[in-house]
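Spelled out, the chains give:
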Amino acid sequence: MSASPGPDAAACAPPATRLRRREDADLAEMLDLWVASWRAAYPEIDFDARRDWLTQQIAALEAKGAATLCIFDGSGERLAGFVVIDPETGWLDQICVGPAYQGDGYADALMAAARALSQGVIRLDVNADNMRAIRFYERRGFAEIGRGANTLSGRKTIMMEWRAAE
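What comes next is a walk through the structure.

Regarding the layout of surface pockets
- As a volume, the largest pocket reaches approximately 1200 Å³.
- Around the largest pocket sit 43 residues that line it, and Trp 38, Ile 95, Asn 130, Ala 133 and Tyr 137 are the ones nearest its centre.
- Counting only elements with at least two residues in the lining of the largest pocket, the list comes to α2 (27–41), α3 (51–63), β4 (92–97), α4 (106–117), β5 (121–127) and α5 (131–139).

If you want it as structure tokens, here you go:
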């Protein structure tokens, strides 16, 4: 299965952003951004209660070789989003853009960074009822390859995959 890479990340990237690997000092702001993002999508779920889970998840993934990249707004001071991807397997565990930054190209810039780190394939799970996210991935060349369920919420998920054009 081969798919086009989707929109040109350089054309979609917000101006004057800064992208770098996560530092320990970023974690609190990452957690706040993650909670705000998920709360906007699923207000009925207490994502504040999952902060420890995310902290442990990121630590475990990074210990196994995953990279966490943070993107900052035009001022370079406020975290706009982050992505966690394992370059070896192409597993994209988290991509998060704060509600105030959605639609401004930050997600495209993070996806371009994830693609640059991957070995030409990215796989992820997305909640099956999160149509905004599914459309986002489809527009960027991802296709459904399976179904499952989220281990925390029990929600149905769709496994999606992107492959670099050969």
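Focus on the environment of Ile 71
- Summarising the element assignment, Ile 71 is placed in strand β2 (residues 67–72).
- Remark: the alpha-carbon pair of Ile 71 and Arg 20, spanning 51 residues in sequence, is separated by 6.7 Å.
- Once you skip the residues sitting within four places of it in the chain, Ile 71 turns out to touch Thr 17, Arg 18, Leu 19, Arg 78, Leu 79, Ala 80, Gly 81, Tyr 106, Ala 109 and Leu 110.

Focus on the nonpolar core
- Formed by 25 residues in total, the largest nonpolar core has its most connected members in Ile 122, Val 126, Tyr 137 and Phe 142.
- Secondary structure elements with two or more residues in this core: β2, β3 (79–85), β4, α4, β5, α5 and β7 (156–163).
- Ranked by residues supplied to this core, first place goes to α4 with six residues.
- Residues Leu 27, Leu 79, Phe 82 and Cys 96 belong to the second largest nonpolar core, which totals 19 residues.

Remarks on the sheet that holds strand β1 (residues 18–21)
- On the basis of which strands lie adjacent, the open sheet formed by four strands has the order β1-β2-β3-β4 and antiparallel pairing. Only two strands of the sheet have a single partner each, and these edge strands are β1 and β4. Strand-to-strand twist of the sheet, defined as the mean angle between neighbouring strand axes without regard to direction, takes the value 15°.
- Summarising the sheet, β1 and β2 pair through four bridges and their orientation is antiparallel.

Overview of the pairing of β2
- Burial within β2 is extensive, with six of its six residues counted as buried.
- Sheet topology note: the β2/β3 ladder contains six bridges and is antiparallel. Each residue of the ladder has a partner; that of Phe 72, found in β3, is Leu 79.
- The hairpin turn running from β2 into β3, its antiparallel successor, is six residues long, and Gly 76 in that turn takes a positive phi close to 80°.

Remarks on the side chain of Arg 155
- With respect to the helices and strands, Arg 155 occurs in the loop between β6 (143–149) and β7.
- When near neighbours in sequence (up to four residues on either side) are disregarded, Arg 155 contacts Tyr 42, Glu 44, Ile 45, Asn 127, Asp 129, Gly 148, Ala 149 and Asn 150.

What about the packing of aromatic side chains?
- Within this structure, the stated rule accounts for seven aromatic pairs.
- Residues Trp 38 and Phe 47 carry aromatic rings whose centres are separated by 5.5 Å and whose planes lie at 25° to one another, so their mutual orientation is stacked.
- The class for Phe 47 is buried, based on a relative accessible area of 5%.
- An aromatic cluster of three or more residues is present, and its members are Trp 34, Trp 38, Tyr 42, Phe 47 and Trp 53.

Describing the side chain of Thr 68
- As for its placement among the helices and strands, Thr 68 is situated in strand β2.
- Given the relative accessible area of 3%, Thr 68 is considered buried.
- Engagement of the side chain of Thr 68 in a polar contact is seen with the side chain of Glu 62, the distance being 2.6 Å.
- Those residues in contact with Thr 68 that sit more than four places away from it in its chain are Arg 20, Arg 21, Arg 22, Met 30, Ile 58, Glu 62, Val 83 and Val 84.

Rules behind the numbers
- Residues numbered from 1 in each chain as written.
- Predicted model: local features only at pLDDT ≥ 70, side-chain atom pairs only at ≥ 80, totals over all residues.
- Heavy atoms only, no water.
- 1 Å grid on protein atoms, 1.4 Å probe; cavity = no way out; pocket = protein on both sides within 12 Å on 5 of 7 lines; lining within 4 Å.
- Points joined across faces, edges and corners; volume = space filled by probe spheres on them.
- Helix = DSSP H or I, 4+ residues; strand = E, 2+ residues; numbered from the N terminus.
- Contact = heavy atoms within 4.5 Å.
- Core = buried A, V, L, I, M, F, W, Y, C linked by side-chain atoms within 4.5 Å.
- Buried < 20%, exposed > 50% of the residue type's maximum accessible area, 1.4 Å probe, protein only.
- Pairing = 2+ DSSP bridges.
- Axes fitted to C-alpha atoms, helices over the stretch in contact; angles between N-to-C directions.
- Phe/Tyr/Trp six-rings, centres within 6.5 Å; stacked < 30°, edge-to-face > 60°.
- Polar contact = N/O pair within 3.5 Å; in protein donor to acceptor, adjacent residues only side chain to side chain.

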